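Here is how the chains run, residue by residue.
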Amino acid sequence: MKVDFTPVAESDLQSVVLSFEQLRNGLGDRILGETRRIVVDIEQFPESYPLVGRQLRRVNLSVIPFQLYYAICSTRIPVLGLLPGRMYPPSRNRILNQRLLELPPRPN
């Protein structure tokens, strides 16, 4: 199945890359590289990362303390966000649940 970033997840990624690139030259490229590797892993083995809740899966990035969240749908794998690993769990869950609700309906 194909992994695709929702618009808000794409925005998360761009913001994280720009922020960390400003902290250290080259860190943004490392984040992008790791994200690409994770996407390939997810496409090959979508269920290999742990479930967090009923539908969401989480991947810890090794370069920075952030986590990538995705869901497995019938025809695709949407990435819902790239969030700080130390985010207050109720806030994180509220954000991710809202993003799940905003996914377009499955095609018939």
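Located above this text is the structure these notes cover.
For the structure given in this document, a descriptive report is provided here. (Residues numbered from 1 in each chain as written. Predicted model: local features only at pLDDT ≥ 70, side-chain atom pairs only at ≥ 80, totals over all residues. Heavy atoms only, no water.)

Before going further, it helps to examine helix H1 (residues 7–23). Along its 17 residues, H1 runs 25 Å from first to last C-alpha, staying within 8% of the 24 Å computed at 1.5 Å per residue. Here H1 has its buried residues at Ala 9, Asp 12, Leu 13, Val 16, Val 17 and Phe 20. Seen along its axis, H1 keeps its buried residues to an arc of 125 degrees; they face one direction. Residues of H1 that are exposed and angled more than 90 degrees away from the buried face: Pro 7, Leu 18 and Gln 22. For H1, the elements touching its buried residues are strand E1 (2–5), helix H2 (27–44), strand E4 (66–71), strand E5 (76–84) and helix H3 (89–101). (Helix = DSSP H or I, 4+ residues; strand = E, 2+ residues; numbered from the N terminus. Expected span 1.5 Å × (residues − 1). Buried < 20%, exposed > 50% of the residue type's maximum accessible area, 1.4 Å probe, protein only. Arc of directions from axis to C-beta. Contact = heavy atoms within 4.5 Å.)

On to the packing of aromatic side chains. The description of an aromatic ring pair uses the distance of the two centres, along with the angle that the planes make with each other. Scanning all chains against the criterion turns up two aromatic pairs. With a centroid separation of 5.7 Å and an interplanar angle of 90 degrees, the aromatic rings of Phe 20 and Phe 66 are classed as edge-to-face. A residue pair is termed long-range when its members are at least 10 positions apart, and Phe 20 in helix H1 and Phe 66 in strand E4 qualify at 46 residues. On the basis of relative accessible area, Phe 20 is assigned to the buried category, the value being 17%. Measuring from ring centre to ring centre gives 6.5 Å for Tyr 49 and Tyr 70, while their planes differ by 90 degrees; the resulting arrangement is edge-to-face. Of this pair, Tyr 49 sits in the loop between H2 and strand E2 (51–52) while Tyr 70 sits in strand E4, placing them 21 residues apart in sequence. Given the relative accessible area of 0%, Tyr 70 is considered buried. (Phe/Tyr/Trp six-rings, centres within 6.5 Å; stacked < 30°, edge-to-face > 60°.)

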